Amino acid sequence: MTKSALPTVAANVRPGERGLTLLEMLAVLAIIALISALAAPQVIGYLDRSRVDTAEIQIKSLETVLDMYRLDVGTYPSPDAGLDALVAQPSGVADWRGPYLQRADALTDPWGNAYGYAVSEDGQTSQVFSFGSDGAEGGDGNAADIGRE
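A. Spatial organisation of the packing of aromatic side chains. Per the counting criterion, the structure on display carries three aromatic pairs. The interplanar angle of 65° and the centroid separation of 5.5 Å between the aromatic rings of Tyr69 and Tyr100 together place this pair among those described as edge-to-face. Of the two residues, Tyr69 is situated in helix 2 (residues 22-73) and Tyr100 in the loop between helix 2 and strand 1 (116-119); the sequence distance between them amounts to 31 residues. In terms of burial, Tyr69 and Tyr100 fall into one category: buried.

Listed below in structure tokens is the structure:
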């Protein structure tokens, strides 16, 4: 083979089809990292707010289900039976027509903690609540109690 018969790299590259240099690739990665650093806190804020909104909606739903229980039984579930009375019949409750909830995981807030439940001594008023992201009473922001008066 003669030297002129060997293909050269430049002969196979068409005008406008050159590759990216390492410097250009690093610039693109730096821009992507910058955009991610600016956008991530905003996205996390939306996620936290959506968990609070979800907890508020689930609490209202549980309160509605508790009202159906009360219509059937005459009182809200006892503190001992708690919200589990919506899934499985508590002992000594004859007029139970449940299950009022199909899944027990509906009794868990968006942070994975069980919803709190309180009932008056006469069994005529009840309250469902979540302790928020920290799972402890009190707190601010996402850690604030939800549904407590």
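B. Representation of unusual backbone geometry. Following Gly98, the chain continues into Pro99 via a peptide bond in cis, with omega recorded as 10°. Mapping Pro99 onto the fold places it in the loop between helix 2 and strand 1.

C. How the structure looks around the pairing of strand 2 (residues 126-129). Pairing of strand 1 with strand 2 involves four bridges; the strand directions are antiparallel. When the sheet's bridge partners are listed, Ala118 is paired in strand 2 with Gln127. Between strand 1 and strand 2, which pair antiparallel one after the other, the connecting turn spans six residues, and Gly123 there sits at a positive phi close to 75°.

D. Region of interest: the nonpolar core. Core analysis: the largest hydrophobic core is formed by 22 residues, its most contacted members being Leu83, Leu86 and Val128. The element contributing the most residues to this core is helix 2, with seven residues. Leu83 has contacts with Leu66, Leu107, Tyr115, Gly116, Tyr117 and Val128, leaving out every residue within four places of it along the chain.

E. Representation of the pattern of salt bridges. Under the definition given, this model contains three salt bridges. Asp53 is the salt-bridge partner of Arg49, the closest N and O atoms lying 2.7 Å from each other. In this pair, Arg49 and Asp53 both sit in helix 2, four residues apart, roughly one turn of the helix. For the salt bridge of Arg103 with Asp105, the shortest nitrogen-to-oxygen distance reads 2.9 Å. Look at Arg103 and you get exposed, because its relative accessible area is 55%. Note on Asp105: relative accessible area 46%, which makes it partly exposed.

Analysis parameters
- Every chain is numbered on its own, with residues counted from 1 as its sequence reads.
- Local features are withheld for residues below a pLDDT of 70 in this predicted model, meaning they are given only at 70 or higher, and side-chain atom pairs are given and counted only at 80 or more; totals for whole chains, interfaces and linings count all residues.
- Excluded from the side-chain calculation are hydrogens and water; included are all heavy atoms of the structure.
- Side-chain rings of Phe, Tyr and Trp (the six-membered ring for Trp) are treated as a pair once their centres are within 6.5 Å; stacked means planes under 30 degrees apart, edge-to-face means over 60, and tilted covers the remaining angles.
- Starting at the N terminus, helices and strands are each numbered in turn, a helix being any DSSP run of H or I of at least four residues and a strand any DSSP run of E of at least two.
- Think of it in three bands: residues with accessible area under 20% of the maximum for their type are buried, residues over 50% are exposed, and the middle band is partly exposed, with areas taken using a 1.4 Å probe on protein chains only.
- Being paired, for any two strands, means DSSP has found at least two bridges between them.
- Among buried residues, those of type Ala, Val, Leu, Ile, Met, Phe, Trp, Tyr and Cys that are joined through side-chain atoms within 4.5 Å constitute a nonpolar core.
- Contacts were defined at the residue level, with two residues in contact if any of their heavy atoms lie within 4.5 Å.
- A side-chain nitrogen of Lys or Arg and a carboxyl oxygen of Asp or Glu constitute a salt bridge if their distance falls within 4 Å.

Distances and angles like these do not, on their own, reveal function.
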